Structure formats: structure tokens, C-alpha cells
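Results of the structural survey
The primary structure of each chain is shown beneath.
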Amino acid sequence: FLLSGNTAGILSVLYASIVALPVPFAPVHLLFINLLTDSLPAIAIGLETHHERIMDEKPRQARESMINKAFAVHIFGEGLLIAICTMAAFQIGLTTGNTMAASTMAFATLCLARLFHGFNCRGKESLLALGVFRNPYVWLAAACGCLLLEIVLRYEPLARAFEIAALTSSQHVAIYALAIVPLVLIQSYRVLFQRSE
């Protein structure tokens, strides 16, 4: 969860640097992400109950690296997917000519996408196989994270402190729509293809 989420942030900043776009995140945005968006789902994932088939899995070879090639590709792929959605939000914001609005959209999309990504990180299988509501803490973490983000986006004193621009209704819809795309794509892949593996 943390590796793929942080990969998304790094790739977003790297993309903006390469194509000479404005910096997508203010330092205070990254602080908010690290303190709240990362910690709440990470704790919730840690409370995931054991899986009945865990003992059927083959053990890792003693000399095998914990981050092997397949795992690294997995982390990078998920991070890239979140980064694409984040930078799509940034580009939508830039079309208004308001850099602060673009930064706000990128920040909010990255926050939400990482909160939703917590559902993907509950296990290797789809949510249908794991049990959608089996871990209520993930739902609680996502709800709390969304609420905290909405407070920052809408409460003017906090918005000023966090360098947040006021978003239009369509921009607000766009950040949620883009943020849920990685969850939908990853879960669809697991439902369609992992059953046969």
C-alpha cells in the first residue's frame, strides 16, 4: 500500500518536471498525505483477518529478495495507474488557467485514490473473494479520510492553510471519478483474470 502510493506521488512529480509543468503539490499537501491518507488505511489493512487459504501458499525461498521482480512490477503498475489519474486531474485543472486549482485537484485526487487503493491492498484476490465488508476498518479509514479531505477542501481557514483553491462542482465530481478508476481497474482485472491463474 505505502510503496505503490508513494510511487504514484513520485511519478506525478517526475512527470510534471519532465514536461515542464508547475509543481503539482505544495509541501503541506504531501504532509497531509503522509500523516492522514497513508496512516489510516495502513492501520486498517494491518487489521485484516487471516485468510483461510494462507497455508496453501508456497513459502518464499530463504535467499529470495522480499521485493522481487514480480512484486516491483506490481507496485510500479499500481503506482503508475494512480499517477496517471492524478496528473489527468492536474491537467483538467490547468485548462482553467488557475495553477492553484490544478494543484488542488491533483492533491485531492491523489489523496482519494490512495484511500480507495487501501481496498486493493487488503489481499491478492478481488474484494468479492476477500469479502467486501469483511474488514470494516478499511471502510472506516476511507470514510474518515474522505471526511478530513472534504473539511480541508471546504473549510476556508484550513483551505488557506493548506493552499487549497475553491473547486467547482464539476471539478469536485472529476476528482472522485478519477480517484476511483484505479480501484475499478485493479478489481476488474482480479475478477476477470486471476480466477484462471
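Each remark here, short or long, concerns the structure printed above.
Below or above, wherever it landed, is the structure these notes cover. Computed from a predicted model, the values in this text were never measured in an experiment. (Residues numbered from 1 in each chain as written. Predicted model: local features only at pLDDT ≥ 70, side-chain atom pairs only at ≥ 80, totals over all residues. Heavy atoms only, no water.)

**Some points on the packing of helix H4 (residues 69-94) against helix H9 (residues 169-193)**
- Where H4 contacts H9, the axes come no closer than 8 Å and their chain directions differ by 150°. Our classification of the angle between H4 and H9 gives roughly antiparallel. For the crossing formed where H4 meets H9, the hand is right-handed. Of the residues in H9, those in contact with His74, Glu78, Leu81, Ile82, Cys85, Ala88, Ala89 and Ile92 of H4 are Leu178, Val181, Pro182, Leu185, Ile186 and Arg190. (Axes fitted to C-alpha atoms, helices over the stretch in contact; angles between N-to-C directions. Helix = DSSP H or I, 4+ residues; strand = E, 2+ residues; numbered from the N terminus. Parallel < 35°, antiparallel > 145°, perpendicular 65-115°, else oblique. Left-handed = near helix turned anticlockwise from the far one by under 90°. Contact = heavy atoms within 4.5 Å.)

**Observations regarding the packing of aromatic side chains**
- In total, this model carries 5 aromatic pairs according to the counting rule given.
- Between the aromatic rings of Phe32 and Phe107, the centroid separation amounts to 5.5 Å while the plane-to-plane angle is 75°, which identifies the pairing as edge-to-face. Here the residue Phe32 occupies a position in helix H2 (residues 27-37), and Phe107 occupies one in helix H5 (residues 99-120), the gap between them amounting to 75 residues. The burial state of Phe32 is the same as that of Phe107; both residues are buried.
- Taken together, the aromatic side chains of Phe32, Phe107 and Phe162 make up a single cluster linked through ring pairs. (Phe/Tyr/Trp six-rings, centres within 6.5 Å; stacked < 30°, edge-to-face > 60°. Buried < 20%, exposed > 50% of the residue type's maximum accessible area, 1.4 Å probe, protein only.)

**Description of the nonpolar core**
- One finds Phe32, Phe107, Leu112, Leu149, Ile164 and Ile175 to be the most contacted residues of the largest nonpolar core, which totals 44 residues.
- Where this core is concerned, the elements lending two or more residues are helix H1 (2-18), H2, H4, H5, helix H7 (136-154) and H9.
- Top element by residues in this core is H5. It accounts for 12 residues.
- Those residues within four positions of Ile175 in sequence are excluded, and the remaining contacts are Met105, Ala108, Thr109, Leu112, Leu153 and Leu167. (Core = buried A, V, L, I, M, F, W, Y, C linked by side-chain atoms within 4.5 Å.)

**Concerning the pattern of salt bridges**
- Summed over the entire model, instances satisfying the criterion amount to 5 salt bridges.
- The residue Glu48 makes a salt bridge to Arg122 at a minimum N-O spacing of 2.8 Å. Taken together, the residues span a long stretch of sequence, with Glu48 in the loop between helix H3 (39-46) and H4 and Arg122 in the loop between H5 and helix H6 (127-130) at a distance of 74 residues. In this structure, Glu48 and Arg122 share a single accessibility class: buried. (Salt bridge = Lys/Arg side-chain N within 4 Å of Asp/Glu carboxyl O.)

**Concerning unusual backbone geometry**
- We note that Ala20 has phi near 60°; this positive angle belongs to a residue other than glycine.
- Using a relative accessible area of 68% as the deciding quantity, one classes Ala20 as exposed.
- The phi dihedral of Glu163 is positive, around 55°, even though this residue is not glycine.
- Assessed through its relative accessible area of 42%, Glu163 is described here as partly exposed.

**Considering the layout of surface pockets**
- Of the volumes computed, that of the largest pocket is approximately 1,700 Å³.
- Counting residues per element, the ones that place at least two in the lining of the largest pocket are H1, H4, H5, H6 and H9.
- In terms of residue count, the dominant contributor to the lining of the largest pocket is H4 (7 residues).
- Along the lines of polarity and charge, the residues of the lining of the largest pocket split into 17 nonpolar, 12 polar and 14 charged. (1 Å grid on protein atoms, 1.4 Å probe; cavity = no way out; pocket = protein on both sides within 12 Å on 5 of 7 lines; lining within 4 Å. Points joined across faces, edges and corners; volume = space filled by probe spheres on them. Nonpolar A, V, L, I, M, F, W, Y, C, P; charged D, E, K, R; others polar.)

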